[in-house]
Amino acid sequence: MRDQVHASDKGILAELKFELECLSRGLSVSKPIHPKSVYDYILDFNGKLLKIQVKYTSCKNPSGNFRLTCAKGSTSDQSKRQNYKKEDIDYIVGLTLAGDWYLIPLEKGVTTCITLAKKYEMYKNNWSFS
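Residues numbered from 1 in each chain as written. Predicted model: local features only at pLDDT ≥ 70, side-chain atom pairs only at ≥ 80, totals over all residues. Heavy atoms only, no water.

**Some points on the confidence of the model for the chain**
Here is step 1: When pLDDT is averaged along the chain, the result is 89, and 92% of the positions lie at 70 or above.
Here is step 2: Looking at the elements of the chain, mean pLDDT is at its lowest for strand 5 (residues 71-72), recorded as 83, and at its highest for strand 1 (residues 28-30), recorded as 97. (pLDDT = per-residue confidence, 0-100. Helix = DSSP H or I, 4+ residues; strand = E, 2+ residues; numbered from the N terminus.)

**Side note on the nonpolar core**
Here is step 1: Of all hydrophobic cores here, the largest spans 18 residues; its most connected members are Phe18, Ile52, Val93, Trp127 and Phe129.
Here is step 2: Looking at this core, the elements that each hand over two or more residues are helix 1 (7-24), strand 2 (41-45), strand 3 (48-57), strand 7 (91-96) and strand 8 (101-105).
Here is step 3: In terms of residue count, strand 3 provides more of this core than any other element does, four residues in total.
Here is step 4: Once you skip the residues sitting within four places of it in the chain, Phe129 turns out to touch Leu27, Leu43, Phe45, Leu50, Ile52, Tyr91 and Leu103.
Here is step 5: Listed in part, the 14 residues of the second largest apolar core include Phe66, Ile92, Tyr102 and Ile114. (Core = buried A, V, L, I, M, F, W, Y, C linked by side-chain atoms within 4.5 Å. Buried < 20%, exposed > 50% of the residue type's maximum accessible area, 1.4 Å probe, protein only. Contact = heavy atoms within 4.5 Å.)

**Some points on the packing of aromatic side chains**
Here is step 1: Considering all chains together, one arrives at seven aromatic pairs under this definition.
Here is step 2: Ring centres of Phe18 and Trp127 lie 6.0 Å apart, and the angle between their planes is 20°; this geometry places the pair in the stacked category. On the criterion of sequence distance, the pair formed by Phe18 in helix 1 and Trp127 in the segment after strand 9 (113-115) is long-range, its members being 109 residues apart. Pair check on accessibility: Phe18 and Trp127 agree, each one buried.
Here is step 3: Grouping aromatic residues by their ring pairs yields a cluster made of Phe18, Tyr41, Phe45, Tyr91, Trp101, Trp127 and Phe129.
Here is step 4: Just above the ring of Tyr41 sits the side chain of Lys31; from NZ or CZ to the centre is 4.6 Å. (Phe/Tyr/Trp six-rings, centres within 6.5 Å; stacked < 30°, edge-to-face > 60°. Lys NZ or Arg CZ within 6 Å of the ring centre and 35° of its normal.)

**Quick word on the layout of surface pockets**
Here is step 1: Each pocket or cavity is described by its volume, and for the second largest pocket that value is around 240 Å³.
Here is step 2: Lining the second largest pocket are Phe45, Lys48, Leu50, Lys86, Ile89, Asp90, Tyr91, Pro105, Leu106, Glu107, Phe129 and Ser130.
Here is step 3: Each residue belonging to the lining of the second largest pocket can be placed in one class, and the counts come to seven nonpolar, one polar and four charged. (1 Å grid on protein atoms, 1.4 Å probe; cavity = no way out; pocket = protein on both sides within 12 Å on 5 of 7 lines; lining within 4 Å. Points joined across faces, edges and corners; volume = space filled by probe spheres on them. Nonpolar A, V, L, I, M, F, W, Y, C, P; charged D, E, K, R; others polar.)

**A look at the environment of Glu21**
Here is step 1: Looking at the secondary structure, you find Glu21 in helix 1.
Here is step 2: What makes Glu21 partly exposed here is its relative accessible area of 21%.
Here is step 3: With 106 residues separating them along the chain, Glu21 and Trp127 place their C-alpha atoms 9.9 Å apart.
Here is step 4: Every residue in contact with Glu21, bar those within four places of it in the chain, is listed here: Trp101 and Trp127.

**So, the pattern of salt bridges**
Here is step 1: In total, this model carries five salt bridges according to the counting rule given.
Here is step 2: Put simply, Glu21 and Arg25 hold a salt bridge, and the shortest N to O gap is 2.8 Å.
Here is step 3: What makes Arg25 partly exposed here is its relative accessible area of 43%.
Here is step 4: Its salt-bridge partner being Lys124, residue Asp100 comes within 3.6 Å of it at the nearest N-O pair. Of this pair, Asp100 sits in the loop between strand 7 and strand 8 while Lys124 is found in the segment after strand 9, placing the two residues 24 residues apart along the sequence.
Here is step 5: Shared partners join several salt bridges into a network, and the residues in it are Asp100, Glu121 and Lys124. (Salt bridge = Lys/Arg side-chain N within 4 Å of Asp/Glu carboxyl O.)

Right, here's the structure in full:
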C-alpha cells in the first residue's frame, strides 16, 4: 500500500487484502455484521473458529523493524488504547507496508505496540495458525 492512502483507509485495505489472501488459500472467512465487534473476522481453520483482528503498519523503528499497534481504542489518543484480552480475539494479523503478514496468537505476548523483529519472525507469512 502506498503511503499516499489516507490513514483511516489503510486498515480497510488491509482487511480487504486479508479477505483475498484467505480466499486464495481456500480458507473460509466471515465478517461480523455488528460494526462494534471486538474482532474483524471469524476464520474457520480446520473446523476451529478463530477470532481475528487485522492491523496495518507502515511505521518503522530506528533499527528498521516495523512496529505494529495491537490495541483497541482510539488511534489518536494513546491513553485510551487497551490491550486485547484472550476472550476478545485469538490472533492479531498484521500486514506491513512491505507486504508481509504476521499471524500472531494473542497468547504469545502481544502488547499495545510490538516490534516485528526476531521474537515474531516465526509468525511471518505463516498461515498454519498453530
